[in-house]
Amino acid sequence: MTHSLLTRPDGYDEFLQNLKQRIRTAQVKAVFAVNRELVLLYWQIGREILYRQREAGWGAKVVEHLAADLHREFPGMSGFSRTNLLYMRALAEAWPEELFVQQVVGQIPWGHNLRILDLVKTPVERQWYIRRAIEHGWSRNVLVHQIESGLYRRQGKAQTNFQATLPAPQSELAQQTLKDPYNFDFLTLTEDAREKELEAGLLDHLRKFLLELGVGFAFVGSQYPLELGGEDFKLDLLFYHIRLRCFVVIDLKMGPFKPEYAGKMNFYLAAIDDLLRHKDDQPSIGIILCKSKNAVIAEYALREATRPIGVSAYRLTTSLPTNLRGNLPTIKELEAELKRSKTKRPKKLLP
């Protein structure tokens, strides 16, 4: 059966004409250049489809009719495919309030909205990613990366003593800046790797490392030297946070958290505040990144620390230890073995 012979429900022609007029009006008003107008138009179309399917009993086929008719009316526009119309319906179902769409949802591009609809399932989490994308100006690829890395569940989850060591506005902002765990899936290290190898890997992938740390971190240096009491000390990584207005010291550990790490960090922060901190800067913050941590041990270790310190774990993509690599077959060897096995198969007997 051809498309022209498919039956339309009552009221469909009037509905189609109304949509055509809305689309033309939106074209004249915004030429689809203003993202908010485009998203709002898509939301309104989705709301109308949703309403007629629920209240007037229109079936699922109406979306196919609309896609064909709108494409015929607006052949130069690619936004009215069946798939996109279904996304419009999903957008209206996800955000029933027009004011919220105008003020919030419409601030991110349509492609961003599609990725959030696809990858995030709860309204609270969807709204969280929309607001962060607006706040930080994430590209679509960065947005997808943040969703797939589970940023919503990790942000602000580090174990800290910020409430006891920082004033209220600063402590809340600092807490939300830290994550737990940090996701270093761009690194591949063996199980017996050391801190210097972890540090080198992070520096080799500094752009990805900064992306994972979050907006506001400016890199100052690695193995940053401090001279105190005639002795030399070195900080693994030193950053300055633009929004927090403070230095951030990161200490890397390949093993689990130990209480003495907090004392060492407390010492480093005291030195940074004396030697580097400007009079307009906020107190420096320390982040101890460990392969794992016991929450109870970390809580007791941070309780008596006088400087603001956070403890977080990190995730790595591990590779095989070097001593095992030579004992395993290479890809070429596996392919050769598969070819040999195929030639050795017995021929199928005729019945």
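Data block above holds the structure.
Read on for an overview of the structure. Predicted model, so just to flag it, every value in this text is computed and none were measured.

Thoughts on the pattern of salt bridges
For step 1, the next point in the chain: Counted by the stated rule, this structure contains 20 salt bridges.
For step 2, the next point in the chain: Between Asp69 and Arg8 there is a salt bridge, with its nearest N and O atoms 3.5 Å apart. Residue Asp69 is found in helix 3 (residues 62-73), and its partner Arg8 is found in the segment before helix 1 (12-30); the two are separated by 61 residues along the sequence.
For step 3, the next point in the chain: Looking at Asp69, the relative accessible area reads 7%, which means it is buried.

Let's talk about helix 2 (residues 35-55)
For step 1, the next point in the chain: Relative to the 30 Å expected for 21 residues at 1.5 Å per residue, helix 2 spans 30 Å between its end C-alpha atoms, a close match to the ideal helical length.
For step 2, the next point in the chain: Within two residues after helix 2, Gly57 carries a phi angle of roughly 75°, on the positive side.

Examining unusual backbone geometry
For step 1, the next point in the chain: Here the residue pair Asp180 and Pro181 is connected by a cis peptide bond, since its omega of -5° sits within 30 degrees of zero.
For step 2, the next point in the chain: Position of Pro181 among the secondary structure elements: in the loop between helix 11 (168-177) and strand 2 (182-189).
For step 3, the next point in the chain: Residues other than glycine seldom take positive phi values, yet Gln223 does so here, at roughly 50°.
For step 4, the next point in the chain: Residue position: Gln223 is located in strand 3 (residues 217-228).
For step 5, the next point in the chain: Despite not being glycine, Arg245 shows a phi value in the positive range, around 60°.
For step 6, the next point in the chain: Along the chain, the position of Arg245 falls in the loop between strand 4 (231-241) and strand 5 (246-252).
For step 7, the next point in the chain: Since its relative accessible area comes to 44%, Arg245 is described here as partly exposed.

Quick notes on the packing of aromatic side chains
For step 1, the next point in the chain: Applying the stated criterion to the full structure yields 19 aromatic pairs.
For step 2, the next point in the chain: Here Trp95 and Phe100 contribute two aromatic rings whose centre-to-centre distance is 4.9 Å and whose plane-to-plane angle is 45°, an arrangement assigned as tilted. Phe100 matches Trp95 in its accessibility class, with the two residues each being buried.
For step 3, the next point in the chain: Aromatic side chains Phe233 and Phe267 sit 5.1 Å apart centroid to centroid with 65° between the ring planes, which places their arrangement in the edge-to-face category. Note that Phe233 is positioned in strand 4 and Phe267 in helix 14 (residues 259-275), a separation of 34 residues in sequence.
For step 4, the next point in the chain: With relative accessibility at 23%, the residue Phe233 sits in the partly exposed group.
For step 5, the next point in the chain: Connected via pairs of aromatic rings, a cluster forms that spans Tyr182, Phe184, Phe186, Phe209, Phe217, Phe219, Phe239 and Tyr314.
For step 6, the next point in the chain: The ring of Tyr261 carries the charged tip of Lys253 above its face, separated from the ring centre by 4.6 Å.
For step 7, the next point in the chain: Sitting over the face of the ring of Tyr300, Arg303 holds its NZ or CZ atom 4.6 Å from the ring centroid.

Describing the pairing of strand 4
For a regular strand, side chains alternate in direction, first toward one face of the sheet and then toward the other.
For step 1, the next point in the chain: Bridge count for strand 3 against strand 4 is ten bridges, and the pairing is antiparallel. By the bridge assignment, Tyr224 is partnered in strand 4 with Leu235.
For step 2, the next point in the chain: Bridge analysis of strand 4 against strand 5 gives five bridges, and the strand direction is antiparallel. Across the sheet, the residue bridging to Tyr240 is Phe247, located in strand 5.
For step 3, the next point in the chain: Where strand 4 hands over to strand 5, the hairpin turn is made up of four residues, of which Arg245 adopts a positive phi near 60°.

A short note on the environment of Leu40
For step 1, the next point in the chain: Along the chain, the position of Leu40 falls in helix 2.
For step 2, the next point in the chain: Relative accessible area serves as the criterion here: at 11%, Leu40 is assigned to the buried category.
For step 3, the next point in the chain: With 70 residues separating them along the chain, Leu40 and Trp110 place their C-alpha atoms 10.0 Å apart.

Cut-offs used in this document
- Residues numbered from 1 in each chain as written.
- Predicted model: local features only at pLDDT ≥ 70, side-chain atom pairs only at ≥ 80, totals over all residues.
- Heavy atoms only, no water.
- Salt bridge = Lys/Arg side-chain N within 4 Å of Asp/Glu carboxyl O.
- Helix = DSSP H or I, 4+ residues; strand = E, 2+ residues; numbered from the N terminus.
- Buried < 20%, exposed > 50% of the residue type's maximum accessible area, 1.4 Å probe, protein only.
- Expected span 1.5 Å × (residues − 1).
- Phe/Tyr/Trp six-rings, centres within 6.5 Å; stacked < 30°, edge-to-face > 60°.
- Lys NZ or Arg CZ within 6 Å of the ring centre and 35° of its normal.
- Pairing = 2+ DSSP bridges.

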